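Each chain is listed here by its residues.
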Amino acid sequence: MLTQSIVDTAVRAALAEDAPWGDLTAELAIPADLGISTRLVARESGVFAGGAMVRETFRQADARIEITDLVEDGAVFAAGEVLARVAGPARGVLTGERVALNFAQRLCGVATLTSRFVTAVAHTSARIADTRKTTPGLRALEKHAVRAGGGVNHRFSLSDAIMVKDNHLAALGAFDTATTTRALRLLRERAGHTTAIIVEVDRLDQLDAVLAADITGVLLDNFPLDDLSMAVQRIAGSVVAEASGGVSLETVASIAETGVDVISVGQLTHGARALDLGLDAD
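Fair warning: this is a prediction, and the values are worked out from it, not measured in the lab. Every chain is numbered on its own, with residues counted from 1 as its sequence reads. Local features in this predicted model are restricted to residues whose pLDDT is 70 or higher, and side-chain atom pairs enter the listing and the counts only when it is 80 or higher, whereas totals over whole chains, interfaces and linings include all residues. To get the side-chain values, take all heavy atoms of the structure and skip hydrogens and water.

Engineer: Would you take a moment to explain the overall build of the protein chain for this structure?
Structural biologist: We count a stretch as a helix when DSSP gives it H or I for four or more residues in a row; a strand needs E for two or more, and each element gets its number in order from the N terminus. Helix and strand content of the protein chain: 11 helices and 12 strands. Overall size of the protein chain, expressed as C-alpha extent along the three principal axes, is 75 × 40 × 25 Å. Burial analysis of the protein chain (282 residues in total) assigns 46% to the buried set. Residue contacts are defined here by distance: any two heavy atoms, one from each residue, within 4.5 Å place the two residues in contact. Within the protein chain, counting contacts between residues at least 6 apart in sequence, those at least 24 apart form 71% of the total. Only the protein chains shown count as cover for residues, with accessible areas throughout obtained via the Shrake-Rupley method and a probe of 1.4 Å. When the accessible surface of the protein chain is split by element, carbon and sulfur atoms take 52% of a total near 13700 Å². On the protein chain, the mean spot of the 26 positive side-chain charges and the mean spot of the 36 negative ones are 3 Å from each other. Only protein chains enter the accessibility calculation, which uses a 1.4 Å probe; a residue whose area is less than 20% of its type maximum is buried, one above 50% is exposed, and one in between is partly exposed. Charge counting follows a simple rule: Lys and Arg are positive, Asp and Glu are negative, and His as well as the terminal groups are ignored. For this purpose, a charge sits on NZ of Lys, CZ of Arg, CG of Asp or CD of Glu.

Printed below as a string of structure tokens:
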């Protein structure tokens, strides 16, 4: 989903925000013909993401800048490791420096946190998925970083799949088994046969009404572990069983061990800390 158009637009907006009328310091302090050679260095260990953003930032800053030895997205790195070399006109390098670092630090943070969740459930068959709790305007970038960290993407937008939550059912007046099943069956009739329908439940007693309809998956929201295990047994592989709500690095393994297929974690994007990276001049 990280197309060149998305990369180009995000970088253009970031550079316009950071240097709307040019880089006053670089233009007045740095000679136009001066070159510089720098290294993108990791100050701490992590998982890399955002290579396309680094390349595009420096390309837009000055097309003569050369990027070499750029590590691939998904690569694991250690503190002190050189992640890329950036060389060219000093004005362009210095103008693009902060924007390139902002993108790389943010996306490396998402990829690194995702990898920790993935590692925590590696002994199970559960997959770690992101949510729509992303930075406005940067969703494609952050979801790409989740994949770089070993996670999978949930729906990208409201247009991708049907997800019926408690407020949807309340708006439809579906408060009991019969009305819930009827509403979901009508929804299936209206939706295309290839459209996924996921229904959120937050109590065990809601499950039978949902399973009686022709749906794709059940989102088990904030279930206690015992109830989560019972729900998985009742679902018995008939639909995708997804857990969400209150997921942390401390709890994710226990949640995965209940047998759920997917664990969606908002923290991957809204709670990730930017990694410490620097651009050091040779």
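Engineer: How do you make sense of the UniProt feature "domain: Quinolinate phosphoribosyl transferase N-terminal" (unreviewed entry) in the protein chain when you look at a structure like this?
Structural biologist: UniProt positions are given in the numbering used here, feature names are shortened, and annotations may be inferred rather than shown by experiment. Mapped onto the present numbering, the UniProt feature "domain: Quinolinate phosphoribosyl transferase N-terminal" (unreviewed entry) falls at residues 23-108. Taken end to end, residues 23-108 is 42% helix and 27% strand, and its first and last C-alpha atoms sit 26 Å apart.

Engineer: Help me understand the sheet that holds strand E3 (residues 66-68), please; the structure alone is not making it clear to me.
Structural biologist: Where strands meet in a sheet, backbone hydrogen bonds hold them as pairs that are either parallel or antiparallel. Here, a strand pair is defined by DSSP locating no fewer than two bridges between the strands. The strand order across the open sheet built from four strands is E3-E5-E1-E12, with neighbouring strands paired in antiparallel fashion. Bordering the open sheet on either side are E3 and strand E12 (277-281), each of which pairs with just one other strand. Within the sheet, the average angular offset between the axes of one strand and its neighbour, ignoring direction, is 20°. In the packing of helix H4 (residues 90-120) onto the sheet, the strands contacted are strand E1 (35-42), strand E5 (82-89) and E12, and the crossing angle to E12 comes to about 155°. Lines fitted to C-alpha atoms define the axes here, with helix axes fitted over just the stretch in contact, and angles between the N-to-C directions of these axes take values from 0 to 180 degrees.

Engineer: Even after reading the chapter, I still don't get the UniProt feature "domain: Quinolinate phosphoribosyl transferase C-terminal" (unreviewed entry) in the protein chain, so can you show me in this structure?
Structural biologist: Residues annotated in UniProt with the feature "domain: Quinolinate phosphoribosyl transferase C-terminal" (unreviewed entry) correspond here to residues 110-280. The span residues 110-280 is 39% helical and 16% strand by assignment, and the distance between its end C-alpha atoms comes to 23 Å.

Engineer: Just checking my understanding: could you explain the sheet that holds strand E10 (residues 240-244) for this structure?
Structural biologist: The strand order E6-E11-E10-E9-E8-E7 describes an open sheet built from six strands, whose pairing is parallel. Single-partner strands in this sheet number two, and they are strand E6 (127-129) and strand E7 (162-164). Averaged over all pairs of adjacent strands, the angle between strand axes in this sheet comes to 25°, irrespective of strand direction. Two strands pair when backbone bridges link them, and E7 and strand E8 (residues 197-201) are joined in this way by three bridges, in the parallel orientation. Bridge assignment links Met163 to a residue of E8, and that residue is Ile198.

Engineer: How do you make sense of empty space enclosed by the protein when you look at a structure like this?
Structural biologist: A pocket, in this scheme, is an open set of points on a 1 Å grid over the protein atoms alone with protein on both sides within 12 Å along at least 5 of 7 lines, while a cavity is a set where a 1.4 Å probe fits but cannot get out; residues line either one if an atom lies within 4 Å of a point. Grid points are joined across faces, edges and corners, and a volume is the space filled by probe spheres set on the points. What the rule picks out here adds up to one cavity of 30 Å³ or more. Here the largest cavity is characterised by a volume of approximately 40 Å³. Lining the largest cavity are Leu40, Val54, Phe58, Glu97, Ala100, Leu101, Ala104 and Leu279. Mapped onto the lining of the largest cavity, the elements with two or more residues apiece are helix H3 (51-61) and H4. Looking at the lining of the largest cavity, the element that brings in the most residues is H4, giving four residues.

Engineer: Any chance you could explain the side chain of Ser244 here in plain terms?
Structural biologist: Of note, Ser244 is situated in strand E10. For Ser244, a relative accessible area of 11% gives the class buried. Sequence-distant contacts of Ser244, defined by excluding residues within four places in its chain, comprise Leu219, Leu220, Asp221, Asn222 and Ser264.

Engineer: Sorry if this is basic, but what is going on with unusual backbone geometry here?
Structural biologist: Across residues other than glycine, the phi torsion is negative in most instances, and most of the peptide bonds are trans. Phi is positive for Asp69, which is not a glycine, with a value near 55°. The backbone of Ala236 shows a phi angle near 50°, a positive value even though the residue is not glycine. Its location among the elements puts Ala236 in the loop between helix H9 (225-235) and E10.

Engineer: It is not clear to me how the environment of Gly150 should be interpreted in this structure. Could you clarify?
Structural biologist: Note on placement: Gly150 falls in the loop between helix H5 (139-148) and E7. A C-alpha to C-alpha distance of 16 Å links Gly150 and Ala256, two positions 106 residues apart in sequence. Sequence-distant contacts of Gly150, defined by excluding residues within four places in its chain, comprise Thr114 and Val118.

Engineer: I'm lost on the layout of surface pockets in this one. Help?
Structural biologist: Counted as a void, the largest pocket has a volume near 400 Å³. Thr131, Lys133, Lys165, Ser244 and Ser264 are the residues nearest the centre of the largest pocket, which is lined by 20 residues in total. For this classification, Asp, Glu, Lys and Arg are treated as charged, while Ala, Val, Leu, Ile, Met, Phe, Trp, Tyr, Cys and Pro are nonpolar and the rest, including Gly, are polar. Of the residues in the lining of the largest pocket, the class split is four nonpolar, nine polar and seven charged.

Engineer: Looking at this model, I keep getting lost on the environment of Leu2. Mind explaining?
Structural biologist: Among the structural elements, Leu2 can be located in the segment before helix H1 (4-18). When the C-alpha atoms of Leu2 and Leu141 are compared, they prove to be 6.4 Å apart, with 139 residues separating the residues in sequence. For Leu2, the contacting residues outside a window of four places in its chain are Val7, Ala140, Leu141 and His144.

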